[in-house]
Amino acid sequence: MASRRAINPSRRASDSGSIPLVGSLQQKSRSSPLLSIGLVVVAAFFLIGYALRGSGGFASEKEAISIGQGASCSSDVIQALPILKKAYGDSMRKVLHVGPDSCAVISKLLKEEDSEAWGVEPYDLEDTDSSCKSLMRKGFVRVSDLKFPLPYRPKSFSLAIVSDSLDYLSPKYLNKTLPDLARLSADGLVIFAGYPGKQRAKVSELAKFGKPAKLRSSSWWIRYFVQTGLQENEMAIKKFEEASTKNSYKPSCQIFHVTS
């Protein structure tokens, strides 16, 4: 939207000649200059705001909520791939990733030499890019409801990585999904989960999952592993922490390493 030049009140008044109404307005503006200046400032503010909103300068209400409530853990997964390689070694050659943005994770893994990777998106993909559509056509990424067992044989993958998805499952479905993910991996399961009070669901994710994420504390997860018979992988934890320190990797999400 083209900007408008502010109208000079004194110039309009001098050009008005002997018209009584304009003369009275001129006299009134002289008697209250602060009011005139204030009106001009307010008008300019609204004009600028309208122009910026139309051109994308201001985020919409939905976008503002999304920006303010933090990002998903999938970005942590991509940053952690080199660290995971040092912790798991050859186990990173055949990986399953489960969670939002799986296309981005799988695309990154497939660029690595001697790496095989498959992904599962927990909800239908909309407005996805051509790269993701290509991965889906080739069978590298699929959409599947995590409330039901995934269609893979036991130990089909060396390592399984899950991000965000478990945060949206109630204990009823979590009791089924987590053991199923552990069943699919031969060398372990890596869980990326949000921190309570630090991360909340983005509006886009909320619309797809249908409910807000239930973020659990680290102590809750550890108790849950014990109750369900899953054990933390102490060796992988140690290697991952050492590699994280060496590479100055500081995740924004909780990371758990579980044996299969």
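Placed above this text is the structure.
Please read these numbers as outputs of a predicted model, since none were measured by experiment.

1. Re the sheet that holds strand β4 (residues 159-163)
Read across the open sheet, the six strands follow the order β3-β2-β1-β4-β5-β6; overall the sheet is mixed. Two strands lie at the open edges of the sheet, namely β3 (141-143) and β6 (254-258), each paired on one side alone. For this sheet, the mean angle separating the axes of adjacent strands, direction not counted, is 15 degrees. Judged from the five bridges that link them, strand β1 (residues 94-98) and strand β2 (residues 116-121) form a sheet pairing that is parallel. Bridge pairing in β2 links Val95 to Ala117. Most of the contacts of helix α6 (residues 102-110) go to β2, to which it runs at about 180 degrees, and overall it touches β1, β2 and β3.

2. Section: empty space enclosed by the protein
Under the counting rule described, the total for this entry stands at two cavities of 30 Å³ or more. Its boundaries defined by the atoms lining it, the second largest cavity holds a volume of some 30 Å³. Forming the boundary of the second largest cavity are Val162, Ser163, Asp164, Ser165, Leu166, Asp167, Ile191, Phe192, Ala193 and Trp221. Elements with a contribution of two residues or more to the lining of the second largest cavity: β4 and β5 (189-193). The element that contributes the greatest number of residues to the lining of the second largest cavity is β5, accounting for three residues. Its residues placed into classes, the lining of the second largest cavity shows six nonpolar, two polar and two charged.

3. Quick notes on unusual backbone geometry
Despite not being glycine, Asp101 has its phi angle at roughly 60 degrees, a positive value. Among the secondary structure elements, Asp101 is positioned in the loop between β1 and α6. Exposure remark for Asp101: the relative accessible area of 39% places this residue in the partly exposed category. Notably, Lys155 is not glycine yet its phi reads approximately 55 degrees, a positive angle. Looking at the secondary structure, you find Lys155 in the loop between β3 and β4.

4. Side note on the packing of helix α5 (residues 74-88) against helix α11 (residues 234-246)
Close contact between α5 and α11 brings their axes to 8 Å; oriented N to C, the two are set at 135 degrees. Between α5 and α11, the interaxial angle falls into the category oblique. Like other packed secondary-structure pairs, α5 and α11 cross with a definite hand, here right-handed. Of the residues in α11, those in contact with Ala80, Ile83, Leu84, Lys86, Ala87 and Tyr88 of α5 are Ala236, Lys239, Phe240, Ala243 and Ser244.

5. A word on helix α8 (residues 171-184)
End to end, α8 covers 20 Å across 14 residues, agreeing with the expected 20 Å (1.5 Å per residue, within 8%). Those residues of α8 hidden inside the fold are in contact with β1, β4, β5 and α10 (218-227).

6. A closer look at the state of the cysteines
Put plainly, a disulfide is one covalent bond tying together the sulfur atoms of two cysteines. Applying the stated rule across the entire model yields two disulfides. One disulfide in the model links Cys73 with Cys253; its S-S distance is 2.1 Å. Across the S-S bond of Cys73 and Cys253 the torsion is about -100 degrees, and the bridge reads as left-handed. With Cys73 in the loop between α4 (61-68) and α5 and Cys253 in the loop between α11 and β6, the pair connects residues that are 180 residues apart, well separated along the chain.

7. Considerations on α10
Those residues of α10 lying buried are Trp221, Tyr224 and Phe225. Buried residues of α10, seen end-on, are gathered within an arc of 100 degrees and therefore sit on one face of the element. In this structure, α10 carries Val226 and Gln227 as exposed residues pointing more than 90 degrees from its buried face. Elements that come into contact with the buried residues of α10 comprise α8, β5 and β6.

About the cut-offs
- Residues numbered from 1 in each chain as written.
- Predicted model: local features only at pLDDT ≥ 70, side-chain atom pairs only at ≥ 80, totals over all residues.
- Heavy atoms only, no water.
- Pairing = 2+ DSSP bridges.
- Helix = DSSP H or I, 4+ residues; strand = E, 2+ residues; numbered from the N terminus.
- Axes fitted to C-alpha atoms, helices over the stretch in contact; angles between N-to-C directions.
- Contact = heavy atoms within 4.5 Å.
- 1 Å grid on protein atoms, 1.4 Å probe; cavity = no way out; pocket = protein on both sides within 12 Å on 5 of 7 lines; lining within 4 Å.
- Points joined across faces, edges and corners; volume = space filled by probe spheres on them.
- Nonpolar A, V, L, I, M, F, W, Y, C, P; charged D, E, K, R; others polar.
- Buried < 20%, exposed > 50% of the residue type's maximum accessible area, 1.4 Å probe, protein only.
- Parallel < 35°, antiparallel > 145°, perpendicular 65-115°, else oblique.
- Left-handed = near helix turned anticlockwise from the far one by under 90°.
- Expected span 1.5 Å × (residues − 1).
- Disulfide = S-S within 2.5 Å.
- Arc of directions from axis to C-beta.

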